[in-house]
Amino acid sequence: MKKIIYIAFASSILFSQSIIHSPDYTLNSEKNYNIEASLIGFIGNYSSLNATLFYRSYGQSTYFNDKMIFINGKFRYSISSSFIKDAIEYYIIIETNEGAVFAYPENSPVENPVLVKSEGYNSSSINSSANLIPKYEILSPEPDSYMQADELFISISYFEMDDIDLEQTKVFIDNTDYTKLANIKSSHIILVPDENLYPGEHEVQVMFTNKVGLKYSPITWKFSLLSKDIPSRESFIISQRGNLEGNYNNTATDDMNLQVGQLKGDYNIDFDWLKYKGNFLLSSLEDENEQTRNRFSSSFKTKYFNIMLGDSYPSFSDYTINGNRMRGVNINFKNKVFDINFLSGSLVRDTQGLPSFGAMLLLENKSPVFQASGFLDTDNIGVIDVSRDNYSFNQSLVGLNLAYIKSEKFKFKFEILKVKDKVQSVDQIIDNSIISLPESMVRHLYSDIFVDYNLNGSYDLNEYIGNLNQSEHDVVGSVLWNNADDLSNINKDHFVSFSIDTVNMGSFSEEPFDDLNSDGTWQEGEWFNDIDGDGEWSTDITYSTYQMKWDIKIYYEDLKLVIDDFINNEEIFHTDEDGTIDMSDCTYNDCFGDYDVKILDGQWEGVKPQDNIVLGTDFTHLFDNGSFKLNYGFSFSMLNQNIWSPTLTFENLDQLGAETAEDSTDGQFNGADIPEVVNNLDNFENIFQTGTSQIPIIPIDITDGIEFKDFLTLPSLAVYFDVSQKYFGHRINWGFKQIGPEFNSLGNPFLQTDIREQYFSDRAYYLDNKLNIRFKWKRTEDGISLVEDNGQTDKYDFNFGFYPGANLPTYNLSVGIYNRTNGIDPLYDPVLVVTDDVLENFQVDTLDCDVAAALDYICSEEELNDGYMIEDYEILSTQLYQPERTRTGQFSLSINSTVDYIYKHRINLNIFYSNKKDLVDIDKYLVLNNNYYSPRSMTQSYYLGLFTTFTDRLQTSLSINYNYYDYGYATEYNEDYFQSQNIIGLNFSTIYETYSLFGKIDPGFNLSIGRGSTDFTQFSLKAGSSFEIAESLFFNINMNYKLKFIDKGTLYNNYSLLMDLKYKF
Amino acid sequence: MKRTFLYILCISLSFVFSNSSLAVVSKAKGNVKHKTKTQKDLSTAKIGMELYNNDYIQTGQNGFAKYVYLDDGTQIKIHNNSEVYIRGEVERRSIIKQLKVDEGTVKFDVKKQSVDEFTVITPTSVASVKGTSFWIDCNGNNGDKFFGESGSVVIRNRESGEKRQLTKNKVANSLPDGSLKVREITPKELEMLEKRESDVGESDNNQGDSQLGSSNQDSQNEIIIELEDASGNTKTITIKVQ
């Protein structure tokens, strides 16, 4: 073989002589590649011809050449398989003795040789997602330049690129294909759009592909067209954009159906000096009787101010308000020295309750009094209170956060938050409210109470308890059973509904008897009914007692009418045929009487209105260029849980907590003198409304001065102290936090109170920030008392993260150990409580009878026979004193990696294990505590996911996961205390760009199999599509169908449908 | 014999230096004429027209033409009342550029040349540039004025052979008598040059960042993220994307 550096010439053939050659485009890298050619139209001796093959591997710059051998009328050459890799290029030159030269290909064979590629190279090169880097020069228009529309001319040069497949070249302007209009040459493209593009910004994109199908990275650049009429001054609006989106969700899960629709949008406009942002959300679940699900907000932002109207999520600190939604005004001013945030609005909106669902209710305030004759004492009729329930007050909020930034080394912050319920926001009366008549008003319609001796759930002869109709004095065996009134004589026109129910009233164990001497117990000689047939009057069997009761509902507006109807009915009931009225049985209060109706304006049955104020401070010091940071502060709160309660005064404070009548007038509260200023507290009602329901009652007891431990245990104080240090590559953070049991902030209702926390953590980075190691310890005490045994949790966490670099696997390992105790020691031995402490030593003693006699204890006959007595005792129930001692070990590992093997893959592996051990000796503890429930548990979770990108159009996701958890401890007394469940899941989904009407589709399926406490199998199919309907209008639909079998019996067809339409402008 | 003659007659060979296009006209306003070497008559130059070796461009009283070379985007702006000949050849994926200016005003934005210098020839001078921006005001046989904008230009007076270097904000006067002098540019001259540019819509405001238009230069985009901590300290993360 010879190597010839460069030959470049082309021959044009004018006559009919030419090289005949059919390239074989199938190239197998494992076989020799054979080339044959002949010269047509040549009349002469072929042996005088000189045929040379020039060939090279694709991508090489120089050609190898060798002489072709003339065999059987053709010139032949075989390129060895060892030379062939993926693609080769070649051309053929035939020369005659006379100097004629023929070439194949005829035109510029050197620059345009024959290209043949192997199949493997075809598929891998076509599907490879790695794009080549183009070498180009943008000629016109220059990127980000402005030009007149009539001068528009688009041109790009790829002078240095010689392997471009011009047929595959694409040119786009604003995603519109302009390829057909473009003049695509071997070194450059020229495009003059045939239509005027509108003034404004445009984007050009040029996409190249090389001759073997590899794509070059798209070349994109923008330019702006000027209109001739463009105003000379700057545009008022710099930019504006927005979105409008509607979605609909229809879900059916286990026979429960939910349909939700939402419409939301946002709009942003930038005037340079002012930025406006507005957004809204309308939900089909909006209900005026619940908290709003709609959202509206507008924000105006300038250099120093940020004004938000409508819904916002302010954040002062954990102790005041921290991201809770409010609706109102949120103003923030910030410059280099001050950062001021002012809030005014409401946290909760008022709801009135539903008229047909208990918005109003009746309560008996006072019972009517009857005279000895049985007639109503008209000076002492009953009182019915009309109260409210199932409402919520409008909770108004005012807040101020003032931060003073003296320098970058010191910052001081003061904040105040006041939240108060507006009582006037809830109406006293709700029209057309349906209310139930209270028992006191309809008790006269009830039946007598009866004992269900025959266990049939209804009354039978002789099962009643007397007719005295005094619940605690009903006596078995009396005569005259009173059945429930049948309402036949009552005007029911004003009833909304009425129903009778047999209600279980409790239990009774006496057999019926005739209480002749009215002493409440059976005596010898009195008749009794031997229910159990044992021949004796017995009380050893327990029976249920019942009463038939009426439930009558009326409209509130008809209450007076119903009262009048009952009064009339009572009169009719007590009038005999002669017209004589006998009310004598009313002395036992078996009559209706009469009632005044009083509409309450406070102390309703529902939630009570509250008033809350929180004051807080925060100090931050920075030293050593920010390497040492000290942050500390405290917050103090007052909460009145019921502003309807009496205002705090000297008198009612004196009575509060008094144990004796003397204490209630001693001028002291909790042993401390009550200050006179208490009587003036109502002057400050606008700041905070005090009352007997406030916590704390007295913020701080200064009688004996304040010590540090007093401050530390103030019940309504939150205090914290935090230090952060960055030295020697370590980031250390340690501190202390305490929140008292009576600290409350309605701005952050989820704040955990009555806790003390201490913590320490250290994070370090190694290997050029690729490896990070973190250790953290945190102790949480359930309570702030310094003398009591508080529950305590110690957590130790270790974290290791290794991120070696781009396209390399990342590793994350976490190990945690948590110790928990609730401060209660397990009691393995019974706790005996002496009930008859003869020796008065609080212990159960055994004493000889004569010794006991000396202590005024007389032994019983049995004890005398034994010669000793044992003090009476009870075994204390420890049900309310369950110990908790656990140790949890936790481990998790996460590995993420990308793998390029044929295609591009991303692999995720996650392992999680947690084991919570009960440190109580369960078997020993169960001896005395049969119903002990152990908090032990175990959780395991394994997940493996594979995400593959085949082409720009196709991606798949495959994952498998296994979860197991169990909790509790099965005992002989409670076998069902132990539960376990395991779930295996398999999930597969794809994303495919169809480049058609269907846009991008994502079908998939999921299989989940659960075994354990619940056996279930669920198979689900999903499909979705997202595409652009029109310019800037996008549609997305997702459907999910699930077939769920539970415990091999129950079958659920669950589905969900989500549609989304979005317009961007 | 006859066959041999026929073969020789019929066979033609094209040489290595095929006539490749060198540049493209990117702007043509007013009276702009063009002629290739083989053409007899002038024709109107249009946007998108390819330019070859020995092409001739002439601008009239209100004419302006701009063309750009295919290999590196070097821009040549031919102002009114000018006549130029474009010369060049392709070598190793680069174009060796030469412009013969007989008369008129031409502005050059020459990118850094990889193979050979860009050569400008007038009746009086020869200027060689590697990568610079400058003007020529050629008065035919009455001499030339060179205005330097950036970089440096080596000017040689053809009569005397004297060489001088022209840098930014300098003016070089090259006369037929062989003299070649360099001085500071005056504000009036600067203003004049700016006016010439704005008159034809070629002011700097309309130009984008030419660095973004080439894959050969450092086509770097930067993403800058500013972070501020609770203490108000700011740190900047800069991500360079190529």
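Quick caveat: nothing in here was measured; it's all calculated off a predicted structure. Here the residue numbering is sequential within each chain, running from 1 through the sequence in written order. Throughout, the order in which chains and ligands are written sets their labels, letters from A for the former and numbers from 1 for the latter. Only residues with pLDDT of 70 or above have their local features reported here, since the model is predicted, and side-chain atom pairs are shown and tallied only from 80 upward, although totals for entire chains, interfaces and linings are computed over all residues.

### Considering the overall build of chain B
Line of reasoning, step 1. Regarding its fold elements, chain B presents two helices and 20 strands.
Line of reasoning, step 2. Expressed as a percentage of its 242 residues, the buried residues of chain B come to 33%.
Line of reasoning, step 3. Contact criterion: two residues are in contact if their C-beta atoms, reconstructed from the backbone, are within 7 Å. Put simply, of all contacts in chain B between residues at least 6 apart along the chain, 40% involve residues at least 24 apart. Strands are runs of DSSP state E lasting at least 2 residues, helices are runs of H or I lasting at least 4, and numbering of each runs from the N terminus. Residues with at least 20 other C-beta atoms within 10 Å of their own are called buried, those with 12 or fewer are called exposed, and the rest are partly exposed. The C-beta atoms themselves are positioned from the backbone.

### Considering the overall build of chain A
Line of reasoning, step 1. Summing up its helical and strand segments, chain A has eight helices and 62 strands in all.
Line of reasoning, step 2. Within chain A, the proportion of its 1065 residues that are buried is 18%.
Line of reasoning, step 3. A fraction of 62% describes how many contacts in chain A between residues 6 or more apart in sequence connect residues 24 or more apart.

### A word on the confidence of the model for chain B
All names here are of chain B.
Line of reasoning, step 1. Along the chain, pLDDT gives the predictor's confidence residue by residue, from 0 to 100. Mean pLDDT over chain B works out to 80, with 78% of the residues at or above the 70 mark.
Line of reasoning, step 2. Low confidence marks residues 1-18, where pLDDT is under 50. Its contacts with residues over four positions away, or in another chain, come to 13 contacts.
Line of reasoning, step 3. This model gives residues 205-212 a pLDDT under 50, and the stretch forms 19 contacts once residues within four places in sequence are excluded.
Line of reasoning, step 4. The ipTM, which scores confidence in the relative placement of chains, is 0.76 for this predicted complex, and the corresponding pTM is 0.62.

### Considerations on the environment of A:Leu954
Residues and elements named next belong to chain A.
Line of reasoning, step 1. Structurally, the position occupied by leucine 954 is in strand β56 (residues 954-967).
Line of reasoning, step 2. On the neighbour-count criterion, leucine 954 (14 C-beta atoms within 10 Å) is partly exposed.
Line of reasoning, step 3. C-alpha separation for the pair leucine 954 and isoleucine 991, spaced 37 residues apart in sequence, amounts to 5.8 Å.
Line of reasoning, step 4. In this structure leucine 954 touches Thr990 and Tyr992, once residues within four positions along its chain are discounted.

### Quick look at the sheet that holds strand β30 (residues 382-388) of chain A
Within a beta sheet, neighbouring strands are joined by backbone hydrogen bonds and run either parallel or antiparallel to one another.
All names here are of chain A.
Line of reasoning, step 1. Strand order in the open sheet formed by three strands is β29-β30-β37, and the pairing between neighbours is mixed. Strand pairing shows two members of the sheet lacking a second neighbour, β29 (360-366) and β37 (595-599), which therefore form its edges. The average undirected angle you get between the axes of adjacent strands in this sheet is 30°.
Line of reasoning, step 2. The sheet contact formed by β30 and β37 spans five bridges and is parallel. Pairing of glycine 382 across the sheet is with tyrosine 595, part of β37. Criterion used throughout: strands pair if DSSP finds at least two bridges between them. Angles here are taken between N-to-C directions and fall from 0 to 180 degrees, while the axes themselves are lines fitted to C-alpha atoms, restricted in helices to the stretch in contact.

### Describing unusual backbone geometry
Line of reasoning, step 1. A:Pro105 follows A:Tyr104 through a cis peptide bond whose omega is 0°.
Line of reasoning, step 2. Residue position: A:Pro105 is located in the loop between β11 (101-104) and β12 (114-118).
Line of reasoning, step 3. Here the amide bond leading from A:Ser140 into A:Pro141 is cis, since omega sits at -15°, within 30 degrees of zero.
Line of reasoning, step 4. Within the element layout of this structure, A:Pro141 appears in the loop between β13 (137-140) and β14 (146-148).
Line of reasoning, step 5. The backbone of A:Asp144 sits at a positive phi, close to 60°, despite the residue not being glycine.
Line of reasoning, step 6. Looking at where A:Asp144 falls in the secondary structure, it is placed in the loop between β13 and β14.
Line of reasoning, step 7. Within the chain, B:Asn169 stands out as a residue other than glycine whose phi angle is a positive 60°.

### Things to note about the nonpolar core
Line of reasoning, step 1. Core analysis: the largest hydrophobic core is formed by 62 residues, its most contacted members being B:Ala23, B:Val24, B:Val25, B:Leu51, B:Ala65, B:Tyr67 and B:Phe146.
Line of reasoning, step 2. In contact with B:Leu51, not counting residues within four places along its chain, are B:Ser21, B:Leu22, B:Ala23, B:Val24, B:Val25, B:Tyr67 and B:Ile86.
Line of reasoning, step 3. Core membership is restricted to buried Ala, Val, Leu, Ile, Met, Phe, Trp, Tyr and Cys residues, and these are joined into a nonpolar core through C-beta atoms within 7 Å. Formed by 28 residues, the second largest nonpolar core is a distinct cluster that contains A:Ile384, A:Leu445, A:Leu559 and A:Val562.

### Some remarks on the confidence of the model for chain A
Residue and element names in this part refer to chain A.
Line of reasoning, step 1. The pLDDT averaged across chain A works out to 85; a share of 92% of its residues lies at or above 70.
Line of reasoning, step 2. Counting interchain partners and residues more than four positions distant, the pLDDT-below-50 stretch residues 1-15 has 29 contacts.
Line of reasoning, step 3. Under a pLDDT of 50 for its full length, residues 123-129 has, in the predicted model, ten contacts with residues more than four places off or in other chains.

### A look at helix α2 (residues 187-199) of chain B
Line of reasoning, step 1. With 13 residues, α2(B) ought to run about 18 Å at 1.5 Å a step, and its terminal C-alpha atoms sit 18 Å apart, in line with that.
Line of reasoning, step 2. Taken from the residues just after α2(B), B:Gly201 is the one with a positive phi, measuring 75°. Given the number of residues in a helix, its expected span is that number minus one, multiplied by 1.5 Å.

### Brief notes about the pairing of strand β28 (residues 338-348) of chain A
Residues and elements named next belong to chain A.
Line of reasoning, step 1. In this sheet, β28 lies alongside strand β27 (residues 326-334) in antiparallel orientation, the contact comprising eight bridges. Opposite asparagine 330, over in β28, you have leucine 343 as the bridge partner.
Line of reasoning, step 2. Counting the residues between successive antiparallel strands, the hairpin from β27 to β28 contains three residues.
Line of reasoning, step 3. Bridge analysis of β28 against strand β31 (residues 394-407) gives ten bridges, and the strand direction is antiparallel. Among the inter-strand pairings, aspartate 339 is bridged to a residue of β31, identified as alanine 403.

### A short note on helix α3 (residues 559-573) of chain A
All names here are of chain A.
Line of reasoning, step 1. Along its 15 residues, α3 runs 21 Å from first to last C-alpha, staying within 8% of the 21 Å computed at 1.5 Å per residue.
Line of reasoning, step 2. Taken as a whole, α3 has its buried residues at Leu559, Val562, Ile563, Asp565, Phe566 and Glu570. One side of α3 holds all its buried residues, which, seen down the axis, span an arc of 160°. Facing away from the buried surface of α3 by more than 90 degrees, the exposed residues are Lys560, Glu571 and Ile572.
Line of reasoning, step 3. Those residues of α3 hidden inside the fold are in contact with β36 (543-555) and β37. Here, the arc refers to the directions that run from the helix axis to the C-beta atoms.

### Digging into the pairing of strand β6 (residues 55-59) of chain B
All names here are of chain B.
Line of reasoning, step 1. A large share of β6 lies buried, amounting to four of its five residues.
Line of reasoning, step 2. Alignment of β6 against strand β9 (residues 82-91), held across five bridges, turns out to be antiparallel. Paired with tyrosine 56 across the strands is tyrosine 85, a residue of β9.

### Description of the sheet that holds strand β18 (residues 183-184) of chain A
Residues and elements named next belong to chain A.
Line of reasoning, step 1. Strand order in the open sheet formed by four strands is β13-β15-β19-β18, and the pairing between neighbours is antiparallel. Single-partner strands in this sheet number two, and they are β13 and β18.
Line of reasoning, step 2. Sheet topology note: the strand β15 (residues 154-157)/strand β19 (residues 188-191) ladder contains four bridges and is antiparallel. Paired with isoleucine 156 across the two strands is isoleucine 189, which belongs to β19.

### Topic: the environment of A:Leu946
All names here are of chain A.
Line of reasoning, step 1. Mapped onto the secondary structure, leucine 946 falls in strand β55 (residues 937-949).
Line of reasoning, step 2. Exposure remark for leucine 946: the 16 C-beta atoms within 10 Å place this residue in the partly exposed category.
Line of reasoning, step 3. Taking the C-alpha atoms as reference points, leucine 946 and threonine 956, ten residues apart in sequence, are found 8.1 Å from one another.
Line of reasoning, step 4. Not counting the four nearest positions on each side in its chain, leucine 946 is found in contact with His905, Ile907 and Leu958.

### Examining the environment of B:Phe108
Line of reasoning, step 1. Mapping B:Phe108 onto the fold places it in strand β10 (residues 94-109).
Line of reasoning, step 2. By the C-beta count within 10 Å, which is 23 here, B:Phe108 ends up buried.

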